[in-house]
Amino acid sequence: MTQASRISRVEAVQFGEASSSSHLYLPEMSGEEAVQIALTGVPVILWGFPGVGKTSSVYDACRRFGLHLEVLIASTRQPEDLIGIPRVDPEGRFFGYIPPDWAFRLYQAATSGKGAILFLDEINNVDPPHMAAVLRILVDGLEAFSFKPPPPGRFGVVAAANPPEWSVQSVELPPPTANRLIHAWFRLDAKEFPVQFASYWGKDRSVSEDEEFLAEWALVRGVIAAFLAEHPNWIVAPPRNEEARSGPWPSPRTWDLASRSVAKLALSGTPRERAFPRILPAAVGPEATQAFLAFLRDFRVAPLEEAATAPLPAVLASIPAWCAMLAGARNVRATLDRLYSALREAGRAEVALLFHTEWLKTITRARQVRPEFLPSREITDWLKKEQERLLKRQ
């Protein structure tokens, strides 16, 4: 997508694409930061374009912190799903509500020492009865359901919303609701995302248990991640034209949909180089597809064995793309060991150290430091010795 047809959150105001500049000029915040703040008893709302990863970011933060998460899309629920079922005595007198199941689960997690987060998605797509129920939750938390207050730091509320011009039947938040929230624009880290996407946050098996599909999907994600690492402006590129917003355009969500579809088509017998141009226009739009295919024509990740013989400038230039693709490998440790072994045999210890430094930065930045993402003890010992030898030479 050309610069003229792309739109950033600040450009949305400058070019009159959004009437509520307060949303677009908000300070930025990640899902992890929102969760941490919410646990102090301060509800947080994350604003952002559709499909940029607001929900998945909160999911990932709760998974890493060991928190129970309940996701509610208020507009798809009945009001009683949010406030509970009214209790009526035999004489027809009202005396409170029976809490909904999700409230019981949150309370159990919050009081068991685990901690819990309630995530209210699409919070500005609700009618007045639903908004009143949301306000009650924001004001009283779990006590709205006659539960005892959970221990401090064990329960929080995070909400998410798209700017009004990017929402379905959106409404402005009523002042009493808006005034009870910390408002922030969702921050998507362009350096983190390609690696996180390539590794799929360590949860690719939540999508499928088919080993053949997982292997092909990992390869496809790796190629897309390498493209996005080199061209981060294509991670999210909302169209400026309002009519185009209802069609395909690049976002983390649509790159994910594209990767799964390409992998499935490739397994069905369509060559991968033909699957990409068939699927991408339908998922991320024609401009992003053109940019990706241009990248693909010029981009070739050499087999790891070629790292030992390729010209040094070419090897160094490939390191960022290798890092992005390596995160999606089915057996990262074995692949790392093959790469380092090839460099060791070729006498390219300094290249191995440069790559290792970049790789550690990559997985640390993406919060993917796991044992299987590190080389074997033998390779680690060799890298340490080479590092010491290099320091002595200096």
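Residues numbered from 1 in each chain as written. Predicted model: local features only at pLDDT ≥ 70, side-chain atom pairs only at ≥ 80, totals over all residues. Heavy atoms only, no water.

K.L.:
Whenever I open this one, the overall build of the protein chain confuses me. Can you help?
P.N.:
For the protein chain, the helix and strand inventory stands at 17 helices and eight strands. The buried share among the 394 residues of the protein chain stands at 51%. Within the protein chain, residue pairs in contact and separated by at least 24 positions form 74% of the contacts whose partners lie at least 6 positions apart. Only carbon and sulfur atoms are counted for the fraction: they give 53% of the accessible area of the protein chain, which is about 18900 Å². (Helix = DSSP H or I, 4+ residues; strand = E, 2+ residues; numbered from the N terminus. Buried < 20%, exposed > 50% of the residue type's maximum accessible area, 1.4 Å probe, protein only. Contact = heavy atoms within 4.5 Å. Areas by Shrake-Rupley, 256 points an atom, 1.4 Å probe, with all protein chains shown as cover.)

K.L.:
Sorry, what's going on with the packing of aromatic side chains here?
P.N.:
Summed over the entire model, instances satisfying the criterion amount to 13 aromatic pairs. For the ring pair Phe-49 and Trp-185, a centre distance of 5.4 Å and an interplane angle of 85 degrees mean the geometry is edge-to-face. Remark: Trp-185 occurs in strand E8 (residues 182-186) and Phe-49 occurs in the loop between strand E2 (44-47) and helix H4 (54-65); sequence separation between them is 136 residues. Residues Phe-49 and Trp-185 agree in their burial class; the two are buried. Each ring, one from Phe-227 and one from Phe-292, has its centre 5.3 Å from the other, and the planes form 80 degrees; the classification is edge-to-face. Here Phe-227, found in helix H10 (residues 211-230), pairs with Phe-292, found in helix H13 (residues 286-298); they are 65 residues apart in sequence, far enough to count as distant. Per residue, the accessibility class of Phe-227 equals that of Phe-292, and both read buried. Connected via pairs of aromatic rings, a cluster forms that spans Phe-227, Trp-255, Phe-276, Phe-292 and Phe-295. It is Arg-221 that lies over the ring of Trp-217; its NZ or CZ is 4.3 Å from the centre. (Phe/Tyr/Trp six-rings, centres within 6.5 Å; stacked < 30°, edge-to-face > 60°. Lys NZ or Arg CZ within 6 Å of the ring centre and 35° of its normal.)

K.L.:
So what exactly am I meant to see when it comes to the pattern of salt bridges here?
P.N.:
It is possible for side chains of opposite charge to pair when their charged atoms get near one another. In this structure the tally under the stated criterion is nine salt bridges. Arg-272 serves as the salt-bridge partner of Glu-216, at 2.6 Å between the closest nitrogen and oxygen. Of this pair, Glu-216 sits in helix H10 while Arg-272 sits in helix H12 (residues 272-283), and the two are 56 residues apart along the sequence. According to the relative accessible area criterion, Glu-216 is buried, its value standing at 11%. With relative accessibility at 29%, the residue Arg-272 sits in the partly exposed group. Note that Arg-389 and Glu-386 form a salt bridge whose closest N and O atoms lie 2.4 Å from each other. Here Glu-386 and Arg-389 lie together in helix H17 (residues 377-393), a separation of three residues that amounts to about one turn. Judged by its relative accessible area of 14%, Glu-386 is buried. (Salt bridge = Lys/Arg side-chain N within 4 Å of Asp/Glu carboxyl O.)

K.L.:
Sorry if this is basic, but what is going on with H10 here?
P.N.:
Because an α-helix completes one turn every 3.6 residues, residues spaced three or four positions apart along the sequence face the same direction. End to end, H10 covers 29 Å across 20 residues, agreeing with the expected 28 Å (1.5 Å per residue, within 8%). The buried fraction of H10 amounts to 14 of the 20 residues, a majority that puts the element mostly inside the structure. The N-capping residue of H10, defined by a side-chain oxygen 2.9 Å from the backbone nitrogen of Glu-212, is Asp-210. (Expected span 1.5 Å × (residues − 1). Polar contact = N/O pair within 3.5 Å; in protein donor to acceptor, adjacent residues only side chain to side chain.)

K.L.:
I tried to follow the sheet that holds strand E6 (residues 116-121) on my own but got confused; where do I start?
P.N.:
Consider a sheet: its strands pair through backbone hydrogen bonds, and that pairing is either parallel or antiparallel. Sheet architecture is open: six strands sit in the order E1-E8-E2-E7-E6-E3, paired in parallel fashion. Strands with a single pairing partner mark the edges of an open sheet, and in this sheet they are strand E1 (28-29) and strand E3 (68-73). In this sheet, strand E7 (residues 155-161) lies alongside E6 in parallel orientation, the contact comprising five bridges. Each residue of the ladder has a partner; that of Ala-116, found in E7, is Phe-155. Across the sheet, helix H3 (residues 31-38) lies against E1, E2, E6, E7 and E8, angled at about 140 degrees from E7, the strand it touches most. Of the strands in this sheet, E2, E3, E6, E7 and E8 are in contact with H4, which crosses E6 at around 175 degrees. (Pairing = 2+ DSSP bridges. Axes fitted to C-alpha atoms, helices over the stretch in contact; angles between N-to-C directions.)

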